[in-house]
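# Breakdown of the fold
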2 protein chains.
Amino acid sequence: MCDAGAVSTANNDPAVPPDPRPVCVLGLGLIGGSVLRALRRAGRDAHGYNRSAGPVAEARADGFQVTDDLTTALTRAAAEDALIVLAVPMPAVDPVLAAIAEHAPDCALTDVVSVKAPVREAVRAHGLTDRFVGGHPMAGTAHSGWAAGDAAMFDEAVWVVAADDGADPDVWARVARLAADCRAVVVPAGSADHDEAAARISHLPHVLAETLAAVGAEDPLALTLAAGSFRDGTRVAGSAPELVRAMCEANGPALLGVLDQALELLTAARTQLAGPSGTGDGDLAALVAAGHAGHTAYTATERTPLTDLRLGEDGWLERLRTAGAEGRVWRG
Amino acid sequence: MCDAGAVSTANNDPAVPPDPRPVCVLGLGLIGGSVLRALRRAGRDAHGYNRSAGPVAEARADGFQVTDDLTTALTRAAAEDALIVLAVPMPAVDPVLAAIAEHAPDCALTDVVSVKAPVREAVRAHGLTDRFVGGHPMAGTAHSGWAAGDAAMFDEAVWVVAADDGADPDVWARVARLAADCRAVVVPAGSADHDEAAARISHLPHVLAETLAAVGAEDPLALTLAAGSFRDGTRVAGSAPELVRAMCEANGPALLGVLDQALELLTAARTQLAGPSGTGDGDLAALVAAGHAGHTAYTATERTPLTDLRLGEDGWLERLRTAGAEGRVWRG
């Protein structure tokens, strides 16, 4: 058992000295590059790796310790007992995990990939589960690459830290501290719960935005008349198609279940709107009531902290998952 | 035939003197109140009516000529040969039309209600079709009432002017000039075309936003994780439920057809995402391609003017409808 209170407080409390343990960030795109910058801002010892040389040169020019040689980065991480942050796209997860298993199998390991269960399964396949606690900062922009990174990317953003059975409390605390040092708000969640929640609030919005954009564009007059509700409802359909697909398809099983819920609601609303005549003289009472209640619940959402838990105590992971499922946050 | 070029130029051209013919605005809510203000800004002679005394007092305090007596307003409109602007909510349209038929049946008449075919049908029922050309300014805010009005509400906004068979070219020109004097961009459209387009870009966005908000709120963890895509995708679900219902249900038949198109796309996407296993190992290629193409078409939409048409010439209404269906605008 470790004292969570001693290790998970965000670095913006000047009374708390920086965690002296190093961090190794693998992948210097938008998220990885932002993590590296946020760690420097927090006074943390951090270094990085990227496969392509361009971002490495850019990061070096910005004064960061980075390499384009994965073995070099991992050998250093192993020697320093660094926390490794996997910040590569999903397709690159597997080969990078293979290298970690070879060069730094005992390092604490986390990730910042947008889907949790598939990463966890890949980690298991490489025998790295014991030292792994997944993560997902809910932040980003429409841009990508090192240059788009920002030390303030995670300020007040939610950072999910996975609370799956078998997690090591010391690794969990290090990952939560990493998120807190990036000034994020830690929300504990089981990987499956995370993926379903992400499907609801991140992937379903993309599916509906694509649908709205496609239906709207069937009619040039409609596009000419379009105002605020269409603009906001289709905004994310402007994202790069390959990125939208990669994100949504990586979470296919969870998205499928959530999409079915949406289809069920819409189909019922369609029947109610069709009305007695079947031609549209009905109403939308049930859908609008449910939607407005949902919007009200959303705007009323508060980040209630979970307290009185010590990481590693009996049932700590189940308690963390329960707290996260209630929308609570971990402040250490 | 009238010379459209002489009557439809917006008042922001200082070389064009204000149209001297008066306007009578019935209903001083958000839209009617904004029309009255915009007309004063344009140097037009305008007066107004509102059933409840509160807005009348507010408008008087702001220096406008307004009354809470409908007969008084209509008697004056008839004496002055004013253009009457029907700016009351859909449920109040019928009784106000009855009063117009009694006190000012020969006045040119337009409206600013968000749905066109039902208003046109009500106008027909009161025998006022000959002097009627419908309208719909595509503008608004989340607020309502006189105090929420704004002279600049329609600046650069689209204002649909109905181009239905039987329209009088002089009335059409007066309505287009009204819109132009409010600094709006005139888009001609058949009433049925307008209602279908509005379903696509205004009412379907509400239906999808309500659905997304309802599905998201099924899970407190999801609401805690929600970021930009959920916020934007649910924004209009925060509108007052009775207003959303009134707007969408008034356009029920058109919305039903557009909702069916959305359901067809979503159902096909669901099948493709389910994939060979049926559990979510498929893809979203078709939906994302269609949505991204739609968003691209939307952002590329330009307001190409229709020129070389004289209102009243042979086939002028059909030409206006065709131009509007192509997303073109009328500049007189």
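What you see is a predicted model, and the numbers here were worked out from it, not measured in a lab.

### A few points about the pattern of salt bridges
Side chains that carry opposite charge are capable of pairing whenever their charged atoms lie near each other. This structure, assessed with the given rule, holds 40 salt bridges over all chains. When the shortest N-O distance is used, the salt bridge between arginine 174 of chain B and aspartate 81 of chain B registers 3.9 Å. Of this pair, arginine 174 of chain B sits in helix 7 (residues 169-181) while aspartate 81 of chain B sits in the loop between helix 4 (70-80) and strand 4 (83-86), placing them 93 residues apart in sequence. Its salt-bridge partner being aspartate 111 of chain B, residue lysine 116 of chain B comes within 2.8 Å of it at the nearest N-O pair. A relative accessible area of 0% places aspartate 111 of chain B in the buried class. Overlapping salt bridges bring together Asp19, Arg21, Arg44, Arg177 and Asp181 of chain A as one network.

### Section: helix 7 (residues 169-181) of chain A
Residues and elements named next belong to chain A. When the terminal C-alpha atoms of helix 7 are compared, their 18 Å separation across 13 residues agrees well with the 18 Å that a helix rising 1.5 Å per residue should span. A large share of helix 7 lies buried, amounting to twelve of its 13 residues. Listed as buried for helix 7 are Pro169, Val171, Trp172, Ala173, Arg174, Val175, Ala176, Arg177, Leu178, Ala179, Ala180 and Asp181. For helix 7, the side-chain oxygen to backbone nitrogen distance between the N-cap and aspartate 170 is 2.7 Å, and the N-cap itself is aspartate 168. Arginine 183 lies just past helix 7 and shows a positive phi near 65°.

### Section: the sheet that holds strand 2 (residues 46-49) of chain A
Residue and element names in this part refer to chain A. Taken in spatial order, the five strands make up an open sheet running 3-2-1-4-5, and their pairing is parallel. Either end of the sheet is taken by a strand with one partner, and the two such strands are strand 3 (66-67) and strand 5 (109-111). Sheet analysis places strand 1 (residues 23-26) next to strand 2, joined by four bridges and oriented parallel. Its bridge partner being in strand 2, cysteine 24 is matched across the sheet by histidine 47. Of the strands in this sheet, strand 1, strand 2 and strand 3 touch helix 2 (residues 30-41), which is tilted by about 160° from strand 1.

### Concerning the interface of chain A and chain B
Facing 87 residues of chain A, the contacting portion of chain B comprises 87 residues. Of the roughly 7600 Å² buried between chain A and chain B on both sides combined, carbon and sulfur atoms contribute 74%. Its largest share of buried area at the contact with chain B, chain A owes to Ile201, Leu225 and Tyr298 of chain A, together 9% of the area lost on that side. Joining chain A to chain B, the criterion identifies four salt bridges. Aspartate 260 of chain A is the partner of arginine 270 of chain B in a salt bridge, and the nearest nitrogen-oxygen pair spans 2.6 Å. Scanning the region where chain A abuts chain B turns up 16 residue pairs in polar contact (both at pLDDT 80 or more). Ranked by residue count, the leading element in the side of chain A that touches chain B is helix 8 (residues 191-216) of chain A, at 18 residues.

### A short note on the relation of the copies chain A and chain B
Note on the chain copies: they are related by a rotation about an axis and a translation along it. Superposing chain A onto chain B takes a rotation of 180° plus a shift of 0.0 Å along the axis, which leaves an RMSD of 0.0 Å. Each copy turns onto its partner about a two-fold axis.

### Some remarks on unusual backbone geometry
In this model, aspartate 81 of chain A sits at a positive phi of 55°, which is unusual for a non-glycine residue. With a phi angle near 65°, glutamate 156 of chain B is a residue other than glycine that sits in the positive phi range. Take glutamate 156 of chain B: it is sitting in the loop between strand 6 (135-137) and strand 7 (158-162). On the basis of relative accessible area, glutamate 156 of chain B is assigned to the exposed category, the value being 53%.

### Side note on empty space enclosed by the protein
Evaluated as defined, the whole model comprises four cavities of 30 Å³ or more. Approximately 110 Å³ is the volume found for the largest cavity. Forming the walls of the largest cavity are 15 residues, and the residues nearest its centre are Pro205, Ala209 and Gly233 of chain A together with Leu212 and Gly233 of chain B. Classifying every residue of the lining of the largest cavity by side-chain character gives nine nonpolar, three polar and three charged. Space inside the second largest cavity adds up to approximately 70 Å³. Considering the residues around the second largest cavity, the lining is formed by Arg120, Thr129, Phe132, Val133, Gly134, Ala162, Ala163, Asp164, Asp165, Gly166, Ala167 and Ser191 of chain B. Class assignment of the residues belonging to the lining of the second largest cavity gives a composition of five nonpolar, four polar and three charged.

### Here's the deal with the packing of aromatic side chains
What the rule picks out here adds up to ten aromatic pairs over all chains. Following the ring pairs from residue to residue traces out a cluster consisting of Trp172, Trp316 and Trp330 of chain A. Seen from the ring of tryptophan 146 of chain A, arginine 37 of chain A lies directly overhead, with NZ or CZ sitting 3.8 Å from the centre. Against the face of phenylalanine 64 of chain B rests arginine 40 of chain B, its NZ or CZ located 3.8 Å from the ring centre.

### Quick look at the domain arrangement of chain A
All names here are of chain A. When cut into domains, chain A gives domain 1 (4-189) and domain 2 (195-283). Between domain 1 and domain 2, the C-alpha centre-to-centre distance is 33 Å. Contacts between domain 1 and domain 2 engage six residues on the former and five residues on the latter. Both faces combined, the contact of domain 1 with domain 2 buries some 470 Å², and carbon together with sulfur accounts for 61% of it. Broken down residue by residue, the surface that domain 1 buries against domain 2 is led by Ser114, Val115 and Met138, which jointly contribute 65%. For the pair domain 1 and domain 2, the interface holds zero salt bridges. Run the count over domain 1 and domain 2 and you get two residue pairs in polar contact (both at pLDDT 80 or more). Of the residues assigned to the side of domain 1 that touches domain 2, the class counts are four nonpolar, one polar and one charged.

Thresholds, definitions, all that
- Residues numbered from 1 in each chain as written.
- Chains lettered and ligands numbered in written order.
- Predicted model: local features only at pLDDT ≥ 70, side-chain atom pairs only at ≥ 80, totals over all residues.
- Heavy atoms only, no water.
- Salt bridge = Lys/Arg side-chain N within 4 Å of Asp/Glu carboxyl O.
- Helix = DSSP H or I, 4+ residues; strand = E, 2+ residues; numbered from the N terminus.
- Buried < 20%, exposed > 50% of the residue type's maximum accessible area, 1.4 Å probe, protein only.
- Expected span 1.5 Å × (residues − 1).
- Polar contact = N/O pair within 3.5 Å; in protein donor to acceptor, adjacent residues only side chain to side chain.
- Pairing = 2+ DSSP bridges.
- Contact = heavy atoms within 4.5 Å.
- Axes fitted to C-alpha atoms, helices over the stretch in contact; angles between N-to-C directions.
- Buried area = accessible area lost by both parts, 1.4 Å probe.
- Least-squares fit on C-alpha atoms with pLDDT ≥ 70 in both.
- 1 Å grid on protein atoms, 1.4 Å probe; cavity = no way out; pocket = protein on both sides within 12 Å on 5 of 7 lines; lining within 4 Å.
- Points joined across faces, edges and corners; volume = space filled by probe spheres on them.
- Nonpolar A, V, L, I, M, F, W, Y, C, P; charged D, E, K, R; others polar.
- Phe/Tyr/Trp six-rings, centres within 6.5 Å; stacked < 30°, edge-to-face > 60°.
- Lys NZ or Arg CZ within 6 Å of the ring centre and 35° of its normal.
- Domains from an automatic or database assignment.

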